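What the coordinates show
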Amino acid sequence: MKKKISFVLASALAALSATPALACTGTYIGSAVSADGSTMVARTEDISAAHAKQHIVVPRKNYAAGEMFVDEGNGFTYPQPATAYKYTMVPDSEVEEDGIFGEIGFNEYGVSVDATVSAGANEKALAADPLVEDGLREANMVSVILPRIKTAKEGVELVAKILEEKGAAEGNILTISDSKEVWYIEIYTGHHFAAYKAPDNMAAVYPNCFMLGNVDLNDTENYYASPDLISFAKEKGFYKKHNGKFHAALSYGEPVSGGNRDRLWAGQNKLGHKVAYDAPVFDLFFTPEGKVTLKDVMELQRYRNEGTEKAPEKDSTVRTIGTAATCEAHIVQLKKEYPAELGGLLWMSMGNPEHSVYLPSYGNIESTPEAYQVKAPVYNAKSAYWKFRSLSALSGLNREKYGAGVRAYWDQYENKLIEAQKQTDAQVITMMKQNKAQAAKHTTKLASDIATDAMSKADTMFNELMAFVAKEEGRASKSPFKPSIMQEFEPAAPAETPAVK
């Protein structure tokens, strides 16, 4: 029996790990259009269905003069600060492969970096300003930026300084956030970029293509860009307008096509902004229909165009936002009532969120559970990533028969966490006012307890589903899989009324 179960799991993981790398989808929800007044910045990290991640805390550290940060992958170097601030990140399980890829994190001053959504400039722009082989790249943005800044604006200024001095190795889109503002940044070519302070009353969904429209270089309150961003495009012959104004993405970026158009159309329509699939230009920021909840963003990151003509069951060529190639997905939730040092909430799903669960942790945590620190590029039952990913791999083999029960359970589990967060916030904010160090210990334990419980539930469902799937080879069940722990969310049966004599 053990051999059969191992074979089933290995087959599931092998099949899903063959999914091609399909890159990422970012989302922004301004505070004025969110249901609870929070600001949300989210992203799916789409690279492989078997790409293990960690969640770790990097402690504050002092460096001697002359010490350098070194990217072993491409040779990029940058001076280390005298004091590197503590920060969290979600790196690849084996950083020796191609870099750290810290992806998302908070530092001790409550600044968050979400890096990155990869994007490409057009041939004319790249010919005029080529990428730099040993320049800044996605693999190290979190590790370079977060230890050095105290505000989001400082982060933008640091990116600009690095691009001027060292250049960029890739085209990328990233966000840098703090309690006051979110900056959306597009890095186009070796030395040209544009940043815009995201508006509170708008939302955005951005796949792997540049989206920023007009850039007003005179509006230094809301824009920060290469000084020659517009003049350079004119001089080199790739300047383009839209509605009579310079358009950064049309000038520097590649045309919106294929999977990028699929996700733009799907994401904007999912949030109630009706737009045609063949729209010649998609606006980056739009007004959603109604207020957007945290759960809405979770479901957006799972979205497979259900109920539309572009669902993959009807058109296999469509690239959906929800994909098995998501190795982790996250939502940064920033709330005005949070003290700066608390940062915000990181809601993170390990593996494909379709059959996984979003778990919260505050930005001020001091450590993470051991299971989140395990380096496991291949399956390892002790790794948090593999606990959640192996369950979702089995679930994805048959969404209706295997996956529906898993998804139903995690749905209720998430709802319970979201509801409890209101009371938790009030408690943590009070503790922060009294003793920040004690509050950090409390939030660390809180995140650990939640993660430990969720991993236990994942183990239970995995064991039950594995047995269910194995039995299917002999005699198929007429009923779909239902986790035994689902009963905790079902109403208790009424007590029997004693018979009247």
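The shown structure was predicted, so the numbers you read here are calculated from the model rather than taken from an experiment.

**Some words on the overall build of the protein chain**
- Looking only at helices and strands, the protein chain has 11 helices and 21 strands in total.
- Relative to the globule expectation of 23 Å for 501 residues, the C-alpha radius of gyration of the protein chain, 23 Å, shows essentially globular dimensions.
- Considering only C-alpha atoms, the protein chain reaches an extent of 95 × 55 × 50 Å along its principal axes.
- Here the protein chain, with 501 residues, has 57% of them falling under the buried criterion.
- Considering only residue pairs separated by 6 or more positions, the protein chain has 71% of its internal contacts joining residues 24 or more positions apart.
- Put simply, the protein chain shows about 21300 Å² of open surface, and 52% of that area lies on carbon and sulfur atoms.
- Positive and negative side-chain charges of the protein chain, numbering 54 and 64 respectively, have mean locations separated by a distance of 5 Å.

**Thoughts on the pairing of strand S21 (residues 359-362)**
- Here S21 shows a buried face lined by Leu359 and Ser361 and a second buried face lined by Pro360 and Tyr362.
- Both strand S20 (residues 345-350) and S21 contribute to a ladder of 4 bridges, which runs antiparallel. Looking at S21, one finds that Trp347 is bridged to Pro360.

**Brief notes about the packing of helix H9 (residues 384-397) against helix H10 (residues 399-434)**
- The geometry of H9 relative to H10 is characterised by a closest axis approach of 6 Å and an angle of 140° between their N-to-C directions. Our classification of the angle between H9 and H10 gives oblique. The hand of the H9/H10 crossing is left-handed. Where H9 abuts H10, its residues Phe388, Leu391, Leu394, Ser395, Gly396 and Leu397 lie against Arg399, Tyr402, Gly403, Val406 and Trp410.

**Description of the sheet that holds strand S15 (residues 223-225)**
- One open sheet holds the 6 strands; their spatial order is S9-S10-S11-S12-S13-S15, and the pairing between them is antiparallel. With one partner strand each, in any of the chains shown, strand S9 (104-106) and S15 form the two edges of the open sheet. Strand-to-strand twist in this sheet, taken as the mean axis angle between neighbours without regard to direction, amounts to 15°.
- Bridge analysis of strand S10 (residues 112-118) against strand S11 (residues 172-177) gives 6 bridges, and the strand direction is antiparallel. Across the sheet, the residue bridging to Val113 is Ile176, located in S11.
- Each of S11, strand S12 (182-187), strand S13 (193-197) and S15 touches helix H4 (residues 152-165); the most contacted strand, S12, lies at about 15° to it.

**Side note on the pattern of salt bridges**
- Throughout the structure, instances matching the rule amount to 28 salt bridges.
- In this structure, Glu221 and Lys197 form a salt bridge, with 2.9 Å as the shortest nitrogen-oxygen distance. Of this pair, Glu221 sits in the loop between strand S14 (203-206) and S15 while Lys197 sits in strand S13, placing them 24 residues apart in sequence.
- For Lys197, a relative accessible area of 16% puts it in the buried group.

**Thoughts on the sheet that holds strand S1 (residues 25-29)**
- Taking strand neighbours across the sheet as the criterion, the 7 strands line up as S18-S14-S1-S2-S19-S20-S21 in an open arrangement whose pairing is antiparallel. Each edge of the open sheet is held by one strand with a lone partner, namely strand S18 (285-286) and S21.
- Set on the sheet, H10 makes contact with S20 and S21; between it and S21 the angle comes to about 15°.

**Details of the packing of helix H8 (residues 294-302) against H10**
- With their axes 11 Å apart at the nearest point, H8 and H10 run at an angle of 150° to one another. Taken together, the axes of H8 and H10 lie roughly antiparallel to each other. Judged by the sense of rotation from one axis to the other, the crossing of H8 with H10 is right-handed. In this structure, H8 contributes Leu294, Lys295, Met298, Glu299 and Arg302 to the contact, and H10 contributes Arg407, Asp411, Glu414, Asn415 and Ile418.
- Partitioning the contact of H8 with H10 into residue classes produces 3 nonpolar, 1 polar and 6 charged.

**Considerations on the packing of aromatic side chains**
- Tallying each qualifying case throughout the model produces 24 aromatic pairs.
- Ring centres of Tyr188 and Tyr252 lie 4.9 Å apart, and the angle between their planes is 25°; this geometry places the pair in the stacked category. Residue Tyr188 is found in the loop between S12 and S13, and its partner Tyr252 is found in helix H6 (residues 248-252); the two are separated by 64 residues along the sequence.
- Residue class for Tyr188 comes out buried when judged on its relative accessible area of 0%.
- Chaining the aromatic ring pairs together yields one cluster made of Tyr28, Tyr184, Tyr196, Tyr206, Tyr223 and Phe285.
- The ring centre of Tyr239 lies 5.0 Å from the NZ or CZ of Lys234, which sits over that ring.

**What to know about the side chain of Ser361**
- Mapped onto the elements of the fold, Ser361 is located in strand S21.
- Judged by relative accessible area, which is 9%, Ser361 ranks as buried.
- Residues in contact with Ser361, not counting those within four places in the same chain, are His55, Gly344, Leu345, Leu346 and Ala447.

**Notes on empty space enclosed by the protein**
- Across all of its chains, the model carries 3 cavities of 30 Å³ or more by this definition.
- Size it by volume and the largest cavity reaches roughly 150 Å³.
- Taken together, 18 residues line the largest cavity, and the ones lying closest to its centre are His55, Leu359, Ser361, Tyr372 and Ala451.
- At the level of secondary structure, the elements contributing two or more residues to the lining of the largest cavity comprise S20, S21 and helix H11 (436-472).
- Partitioned by chemical class, the residues of the lining of the largest cavity number 13 nonpolar, 5 polar and no charged.

**Here's the deal with the nonpolar core**
- Counting residues in hydrophobic clusters, the biggest one holds 106 residues, and the most contacted among them are Tyr206, Leu359, Phe388 and Trp410.
- In terms of residues, this core owes the most to one element, H11, which gives 12 residues.

**Some remarks on the side chain of Ser31**
- Looking at the secondary structure, you find Ser31 in the loop between S1 and strand S2 (39-46).
- Each residue touching Ser31, except ones within four places of it in the same chain, is listed here: Gly37, Ser38, Thr39, Asp200 and Lys336.

**Examining the pairing of S12**
- Taken across its 6 residues, S12 has 6 buried, putting it largely inside the fold.
- Side chains Val182, Tyr184 and Glu186 of S12 all project onto a buried face; the interleaved residues Trp183, Ile185 and Ile187 project onto the opposite face, where all are buried too.
- Where S11 lies against S12, 6 bridges are found, and the strand directions are antiparallel. When the sheet's bridge partners are listed, Ile176 is paired in S12 with Trp183.
- With 5 bridges connecting them, S12 and S13 associate as antiparallel partners.

What counts, and where the lines are drawn
Residues numbered from 1 in each chain as written. Predicted model: local features only at pLDDT ≥ 70, side-chain atom pairs only at ≥ 80, totals over all residues. Heavy atoms only, no water. Helix = DSSP H or I, 4+ residues; strand = E, 2+ residues; numbered from the N terminus. Rg over C-alpha atoms; globule rule 2.2 N^0.38 Å. Buried < 20%, exposed > 50% of the residue type's maximum accessible area, 1.4 Å probe, protein only. Contact = heavy atoms within 4.5 Å. Areas by Shrake-Rupley, 256 points an atom, 1.4 Å probe, with all protein chains shown as cover. Lys, Arg positive; Asp, Glu negative; His and termini not counted. Charge placed at Lys NZ, Arg CZ, Asp CG, Glu CD. Pairing = 2+ DSSP bridges. Axes fitted to C-alpha atoms, helices over the stretch in contact; angles between N-to-C directions. Parallel < 35°, antiparallel > 145°, perpendicular 65-115°, else oblique. Left-handed = near helix turned anticlockwise from the far one by under 90°. Salt bridge = Lys/Arg side-chain N within 4 Å of Asp/Glu carboxyl O. Nonpolar A, V, L, I, M, F, W, Y, C, P; charged D, E, K, R; others polar. Phe/Tyr/Trp six-rings, centres within 6.5 Å; stacked < 30°, edge-to-face > 60°. Lys NZ or Arg CZ within 6 Å of the ring centre and 35° of its normal. 1 Å grid on protein atoms, 1.4 Å probe; cavity = no way out; pocket = protein on both sides within 12 Å on 5 of 7 lines; lining within 4 Å. Points joined across faces, edges and corners; volume = space filled by probe spheres on them. Core = buried A, V, L, I, M, F, W, Y, C linked by side-chain atoms within 4.5 Å.

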